[in-house]
Amino acid sequence: MKIERPRGTRDFLPEEMEKRRAVEKKLREIVESYGYREVATPTFEHSELFKIKSGEGIVEEMYVFEDKSGRELALRPELTAPIMRFFVNDCSSLPRPIRFYYFGNCFRYERPQKGRYREFWQFGVELIGSDSYLADAEVISLADKMLKSLNIEYELHIGHVGILRSALSLLGDKASKVMRLIDKRDEEGLESYLNELGVEEDLKDKIKAIMNLKGGREIIEDAKRITDYNFHYIEKLLDIIDSLGIKYTLNLGVARGLDYYTGIVFEFYAKDLGAQKQICGGGSYELAQLFGGVRTPATGFAIGFDRVCELIEAKTKRKAVIVVVYFKGFEKIAFEVAEDLRNSGFIVVVDVMERNLKKQLSYANDINADFALIVGEEEIRKEEFSVKDLRSGEQISIPKEDLTTFLHVRLKR
RNA sequence: GCCCGGAUGGGGUAGCGGCUAUCCUCUGGGACUGUGGAUCCCAGGAGGCGGGUUCGAAUCCCGCUCCGGGCCCCA
């Protein structure tokens, strides 16, 4: 019986892995150039960790299981909570700010779709310890630079939950539900809930007006007419973003249903990616106190690694491959020569199917090898090798001692 | 959880109630033990699963699974 791959998971062929590794490498180079250093946390955690962050409802969307001692564990659905847990437990005395980055697989039990899988990879950063606009500016510009480096077409939307929060401050603990309704853009639900709470027309109009504030930087002036909120922080942030030449849309109606978001929130959307077009999301938040630590400001983002990979055309350049082909009886020498070449830094393949020369060459051609090195009686007698350039068909004899130099020179081109 | 479309060798397909299931590609071998891509020959390999209708089902019907698109959700 054939075993199918579990729903929502993927296998990756060498070509795909090469592309993924190339993307990964590029992202790493950029975050590291900003001084971020990689951390890793376990693939599974106590499910409590994620429940504290996101509420009981998240259990439905996680792979939750009990281990043999009856502990309730969950495969991580994201990496911010584990990293903040790690920070609270072991990193609280590192000099601030702390710059961490991560790249890891996450799991969510959801209906798979284009760009949505049950196992997926996130590449993200957390900048911990600063509540300055400068931290947000750094993180946004870093995210922008990473996506830009991949030549993806995208839009950046920047929002701030503070404006709506302050407008809703009169509602006390009912504010969270209102935020959730705004987040969902559920206008009917919002209207009826505000009526239920007995909110005055004035405030209702104000909320709706803020919700719809979206556009260029000039909408801050509109916002100032609606609310007496202090836009100083946002303006200073945008000064930096503007001076870096980063394009964005301001969206002051962006809400987050969860209370730990404290200020700036931002999202990157790719064109041509269907329903799952968000390729990166982030913002400033305070989670440390929820995990038993001291209240600590942080800001970060996560890039949907699989989604950005889907947007990029494969253009990996493979390292050259040399195939040692040999006649029957020369297996030992073929293996020795191959080993010498590998030690000199080449990728070398030797036939292990006991096939004839013709088949071996045919195989070399099928795998797009660059050179064939022929080992036979003649070569041994003359102490030289026949090297065939499979790309041109040209074949020449090279004295044994000149072989590695020759190959190095030829492969440089 | 909801709505729509789909599923035939490893990949791409034809057949749409009746021969041993078509063709291309692929993989292995041979022609061919000193030279690849070509050609020819041989071999391998398939109707997602379960039930029903029928003399007979890949084909029609039902359920499930999985895949694709959308909704919900997206911590």
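Residues numbered from 1 in each chain as written. Chains lettered and ligands numbered in written order. Predicted model: local features only at pLDDT ≥ 70, side-chain atom pairs only at ≥ 80, totals over all residues. Heavy atoms only, no water.

Check the secondary structure of chain A and you find 15 helices and 17 strands. The globule rule puts the C-alpha radius of gyration for 413 residues at 22 Å, and the 29 Å found for chain A is more than 25% above it. Dimensions along the principal axes, computed over C-alpha positions, put chain A at roughly 100 × 55 × 45 Å. In chain A, 66% of the contacts between residues at least 6 apart in sequence involve partners at least 24 apart. As displayed, chain A offers around 21900 Å² of accessible surface, 49% of which is attributable to carbon and sulfur atoms. Of the side chains in chain A, 64 bear a positive and 70 a negative charge, and the two mean positions are spaced by 2 Å. (Helix = DSSP H or I, 4+ residues; strand = E, 2+ residues; numbered from the N terminus. Rg over C-alpha atoms; globule rule 2.2 N^0.38 Å. Contact = heavy atoms within 4.5 Å. Areas by Shrake-Rupley, 256 points an atom, 1.4 Å probe, with all protein chains shown as cover. Lys, Arg positive; Asp, Glu negative; His and termini not counted. Charge placed at Lys NZ, Arg CZ, Asp CG, Glu CD.)

On the surface, a cluster of nonpolar side chains totalling about 350 Å² of accessible area is made up of F335, V352 and M353. Relative to the helices and strands, V352 is located in the loop between β14 (347-350) and α13 (357-366). (Patch = residues over 30% accessible without salt bridge, like charges linked within 9 Å, V, L, I, M, F, W, Y side chains within 5 Å. Salt bridge = Lys/Arg side-chain N within 4 Å of Asp/Glu carboxyl O.)

Moving on to the protein's contact with RNA strand B. Near RNA strand B, the surroundings consist of 37 residues, among which I58, R108, R111, K114 and N365 are the closest. Atoms of RNA strand B within 4 Å of the protein: sugar and phosphate make up 44%, bases the balance. K358 places a side-chain nitrogen or oxygen 2.7 Å from a phosphate oxygen of RNA strand B. Within the backbone of E378, one N or O atom sits 2.6 Å away from a base oxygen of RNA strand B. (Near = heavy atom within 4 Å. Polar contact = N/O pair within 3.5 Å; in protein donor to acceptor, adjacent residues only side chain to side chain.)

Take unusual backbone geometry next. Between R96 and the following residue, P97, the backbone shows a cis peptide bond with an omega angle of -5 degrees. You can see P97 is positioned in the loop between α3 (80-90) and β5 (98-107). Even without a glycine there, the phi angle at N151 is positive, about 55 degrees. Inspection of the secondary structure puts N151 in the loop between α4 (133-149) and β7 (154-160).

Before going further, it helps to examine the domain arrangement of chain A. Accessible area lost upon the coming together of the parts is a frequently used measure of interface size. When cut into domains, chain A gives domain 1 (14-311) and domain 2 (321-411). Relative to domain 2, the C-alpha centre of domain 1 lies at a distance of 54 Å. (Domains from an automatic or database assignment.)

If you trace the 3 strands from one edge of the open sheet to the other, you get β2-β4-β3, paired in antiparallel fashion. This sheet does not close on itself; its edge strands, each paired only once, are β2 (44-46) and β3 (64-66). Sheet twist, expressed as the mean angle between neighbouring strand axes with direction ignored, is 35 degrees. Across 3 bridges, the pairing between β2 and strand β4 (residues 72-75) is antiparallel. Residue E45 lies in a different strand from β4, and its bridge partner there is A74. Sheet strands in contact with helix α2 (residues 47-54) are β2, β3 and β4, and its direction is about 70 degrees off that of β2. (Pairing = 2+ DSSP bridges. Axes fitted to C-alpha atoms, helices over the stretch in contact; angles between N-to-C directions.)

Counting 99 residues, the largest nonpolar core has M84, M146, L147, I158, F266, F268 and F301 as the members making the most contacts within it. Of the residues forming this core, the biggest block, 9 residues, is contributed by α4. For L147, the contacting residues outside a window of four places in its chain are I152, Y154, F268, I279, C280, I303 and V308. A334, F346, V350 and L407 belong to the second largest nonpolar core, which has 20 residues in total. (Core = buried A, V, L, I, M, F, W, Y, C linked by side-chain atoms within 4.5 Å. Buried < 20%, exposed > 50% of the residue type's maximum accessible area, 1.4 Å probe, protein only.)

Now for the environment of V59. Note that V59 resides in the loop between α2 and β3. Classification of V59 by relative accessible area gives partly exposed; the value is 25%. Taking the C-alpha atoms as reference points, V59 and Y109, separated by 50 residues in sequence, lie 9.2 Å from one another. Among residues more than four places away in sequence, those in contact with V59 are K51 and V64.

This part is about the sheet that holds β14. Taken together, the 5 strands give an open sheet; going across it, the order is β14-β13-β15-β16-β17, and neighbouring strands pair in mixed fashion. Both edges of this open sheet fall to β14 and β17 (395-399), since each of them pairs with a single strand only. Averaged over all adjacent pairs, the angle separating strand axes in this sheet is 30 degrees, with direction ignored. Judged from the 5 bridges that link them, strand β13 (residues 321-326) and strand β15 (residues 371-375) form a sheet pairing that is parallel. What sits directly across from Y326, in β15, is V375.

Let us now look at the packing of α2 against α3. Running from amino to carboxyl end, α2 crosses α3 at an angle of 105 degrees, the nearest separation of the two axes being 10 Å. Judged by the angle between their axes, α2 and α3 are roughly perpendicular. Between α2, through L49, F50 and K53, and α3, the contact on the second element is made entirely by T80, A81, P82 and R85. Counted by class, the contact of α2 with α3 contains 4 nonpolar, 1 polar and 2 charged residues. (Parallel < 35°, antiparallel > 145°, perpendicular 65-115°, else oblique. Nonpolar A, V, L, I, M, F, W, Y, C, P; charged D, E, K, R; others polar.)

In this section: α3. With 8 of 11 residues buried, α3 lies mostly within the body of the structure. Among the residues making up α3, those that are buried are T80, A81, P82, I83, M84, R85, F87 and V88. Against the buried residues of α3 lie β2, α2, β5, β6 (119-128), β11 (278-285) and β12 (298-304).

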